Amino acid sequence: MIRTLLALLLATLLGTSAFAAGPLSTLSGEAPAKEPEPVVQGGLLGALANGLDDVSEELDIDNRLVDAWRLRADRAASEAGQLVTRHSAQDMLQMACDFLLLTATWAATFAVLCYLGRLATRRSQRSRLLRERPRPGKLLGYLLPFTLPALISLPAALFISRQLDPSVGRALGMSLAYATSSGIFSTSIILCLITLFDSGHKRAAVRILREAAPRPLFLVGFLAAWSDALTSPQIARQLGGNLTSSTAVITGLLATLSFAVLVLRSRRPVAHLIRNRDLKDRLQHRAVQDTLRIFSALWYLPILMMILVSAINLIGAGEESQRALQKALLTTVLLIGTVFLSITLQHLFKAGVAHEQRLRPYKELLYSLAHALLRIVMAVAFIELLGRIWGFSVLDFALRNALGRAISDSLSSIGLILLVTWLLWVVIDTAIQEALKPTPGRRNSRQPSTRVRTILPMLRNALKVVLVVICTITTMANLGINVAPFLAGAGVVGLAIGFGSQQLVQDVITGLFILIEDTIAIGDWVVLDSGHAGTVESLTIRTLRLRDGKGFVHSVPFGQIKAVTNQSRQFAYAFFSVQFSYDSDVDVALKLIREAGQSISEDPILRHNLQGPLQVFGVDSMNLNGMTLTAQFRTTSGGQYAVNRAFNERLKKLVDQTEQVSFAQYNPVPQRVGDTSA
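What comes next concerns the included structure. Keep in mind the model is a prediction, meaning the values are calculated, not measured.

Conventions used here
Residues numbered from 1 in each chain as written. Predicted model: local features only at pLDDT ≥ 70, side-chain atom pairs only at ≥ 80, totals over all residues. Heavy atoms only, no water. Helix = DSSP H or I, 4+ residues; strand = E, 2+ residues; numbered from the N terminus. Buried < 20%, exposed > 50% of the residue type's maximum accessible area, 1.4 Å probe, protein only. Contact = heavy atoms within 4.5 Å. Areas by Shrake-Rupley, 256 points an atom, 1.4 Å probe, with all protein chains shown as cover. Phe/Tyr/Trp six-rings, centres within 6.5 Å; stacked < 30°, edge-to-face > 60°. Lys NZ or Arg CZ within 6 Å of the ring centre and 35° of its normal. Pairing = 2+ DSSP bridges. Salt bridge = Lys/Arg side-chain N within 4 Å of Asp/Glu carboxyl O. Axes fitted to C-alpha atoms, helices over the stretch in contact; angles between N-to-C directions.

Take the overall build of the chain next. Along its length, the chain carries 24 helices and 8 strands. Residue burial in the chain is summarised as follows: out of 678 residues, 31% are buried. Put simply, 71% of the contacts in the chain that link residues at least 6 apart link residues at least 24 apart. Split by element, the accessible area of the chain, about 42,500 Å² in all, is 62% carbon and sulfur.

Describing an aromatic ring pair means giving the distance of the ring centres and the angle of the ring planes. Summed over all chains, the structure comprises 7 aromatic pairs. Measuring from ring centre to ring centre gives 3.9 Å for Phe 576 and Phe 647, while their planes differ by 15°; the resulting arrangement is stacked. One end of the pair, Phe 576, is in strand β6 (residues 571-580); the other, Phe 647, is in helix α24 (residues 640-656), and 71 residues separate them in sequence. Judged by its relative accessible area of 2%, Phe 576 is buried. An aromatic cluster is present here, built from Phe 218, Phe 222 and Trp 226 joined pairwise through their rings. Positioned over the ring face of Phe 571 is Arg 634, at 3.8 Å from the centre of the ring.

Turning our attention to the pairing of strand β1 (residues 525-528). Look at any regular strand and the pattern is simple: side chains alternate between the two faces of the sheet. Every second residue of β1 is oriented toward a common face, the buried set being Val 526 and Leu 528 and the non-buried set Trp 525 and Val 527. Judged from the 3 bridges that link them, β1 and strand β2 (residues 533-539) form a sheet pairing that is antiparallel. Residue pairing in the sheet places Val 526 in a bridge with Gly 534 of β2. Where β1 folds back on β2, the antiparallel hairpin that results is connected by 4 residues, among which Gly 531 adopts a positive phi of roughly 100°. With 3 bridges connecting them, β1 and strand β5 (residues 564-566) associate as antiparallel partners. The partner of Val 527 across the bridge, within β5, is Thr 565.

Here we take up the environment of Leu 528. When you line up the elements, Leu 528 lands in strand β1. Along the sequence, Leu 528 and Val 556 sit 28 residues apart, while their C-alpha atoms lie 9.5 Å from each other. Leu 528 has contacts with Leu 544, Leu 546, Val 556, Ile 561, Ala 563 and Val 564, leaving out every residue within four places of it along the chain.

Now for the pattern of salt bridges. When the charged atoms of two side chains lie near each other, side chains of opposite charge can form a pair. In the structure shown here, the tally under the stated rule is 6 salt bridges. Of the charged contacts, one joins Arg 460 and Asp 429 as a salt bridge, the two residues approaching to 2.6 Å between their closest N and O atoms. One end of the pair, Arg 460, is in helix α20 (residues 450-479); the other, Asp 429, is in helix α19 (residues 402-436), with 31 residues separating them in the sequence. On the basis of relative accessibility, which here comes to 18%, the residue Asp 429 falls in the buried class. Between Glu 649 and Lys 653 there is a salt bridge whose closest N-O contact spans 3.4 Å. Pair noted here: Glu 649 and Lys 653 are both in helix α24, with a separation of 4 residues, about one helical turn. The class of Glu 649 is partly exposed, set by a relative accessible area of 46%.

The strands making up a sheet associate through backbone hydrogen bonding, with each pair oriented either parallel or antiparallel. Taken together, 5 strands build an open sheet; the order of strands is β4-β3-β2-β1-β5 and the sheet is antiparallel. Each end of this open sheet is capped by a strand with a single partner; those strands are β4 (553-557) and β5. Within the sheet, the average angular offset between the axes of one strand and its neighbour, ignoring direction, is 40°. With 5 bridges joining them, strand β3 (residues 543-547) and β4 adopt antiparallel strand pairing. From the neighbouring strand, Leu 544 faces β4, where its bridge partner is Val 556.

The values reported here are purely geometric and, on their own, carry no functional implication.
Listed below in structure tokens is the structure:
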């Protein structure tokens, strides 16, 4: 809701800035030149700009307010001059004596009572009852030294004022005594309320408030009480109506400003007091805890709104203040009710989702969409009720007013565009995320959808960019911005980029065909015609990244790839070629080969790499050194290397244990001494 209001404010500022540049050329004698086509043509910004121009022409609020304050200031100045001129020096001395007498009476009474209250507090805190209960002792620390003296010292000053003749000094003295007593009383009462929360984890927040709040609270209470006192008829007769009302407005504005600063500075510790509860209560009443958490983040906003209403009411001559405060109170109640209803609906939707432990993704999407639509309806209802409270109907303005109809049409179009874009993106993203999840129930060492994991993330990013661009263009068009120059510029820039990056285009096209044909996937061990070999770590739209056996990373553009040898597809063969001497027994050699293969098949670790039994082909070839026997295992991709190493090791051990078989060795025939036949 706040984001929507900020967006409307930004749109208003853009609209006013678009129409702020008037026809300056008409100020000179020359004929105005033909202006270029404006970027903003109608739409939401144009409607807002025209509406603001009409309102500013029909209403002259700023000038009226300034004229009223100028007249009041002139009258207040004349009343102040009359106060100075109509009293003699003796009268001024008498007024000063009256003021000092009342001030001294109040101060002395308060000082004595405050000292006695401190003594009583110290004695009471020594009792066993208060030592075991620290909070009542802290309450007495505010009530006895501050609250009671503030209440008693004011009647004492009032009793002395009854003995004096009515004068300006007496009026000022009593007003200051009343303001000071009210400030001390209100501060002590608020600190007593804060002290009641001094327990558990709230003590840190209470300590911060007790240290930082007393002086600002006293200042707010003092200024507010003095503003109230200056509006009394007795003081107005002594000082003048305009002078007292102007001073009351200024002190009231200072009080509201001080209170606003205090609220902003205290928002974090007060939020801590609101939301911090016992662990048992937080676990058992999660809905209440979430509601308190929301209130703790928003508690100062209604207060600031009421402060703003009070300030505007003070500036606007102070008329209908009671009605303005009632509207502010209703607004606060409406805000609290809306937040509570929003939290309740959120928990209902969460409970519905949690009730069905495994929702289908699209069913969960429907839940989210319904929740979003309900929140939009709540926001519209809140704005309409808020307008009704302050005497304005948004729906009537949108349906019956030409300006409102234009704004509502633009906003509804923009909202529909954003909703459709969001819905399309959520559907696409959900489908891609579901496709990227491994299929349950399959047992493969490799991801079941390696090709999908490679292509879909790039497709997801491309679709996201397309949706954002389309949504931005259509939104700008509904705002009234001419998008034709932007489209033309984008076309020219794209054409220039296409001509200047032919190699890039070649890499992209080749990469797309490689990805579509599923030639390479992440995790494959490939050998390229360029001499690079390694495991595929990542694939982009332009390059292939390999990590070789030494740990080095190679980035190869797709345009440089002519042939690919993929050694990680479906299966591989562990091929054995063993050469024995001619004096070896062939049957025994074949038997040893089968025994080595059988031991590998029975190995609990190596057998997971096999996809079939050992295939023995027999004598494959014979040469001058001996005879060659071959065999092979069908293995998983990448498993042939471990099987090869294990087979060679076990066959060597078996051959060493028999004398009927020996490996062929190359033994050159030495030349005889004196043999010259060569």
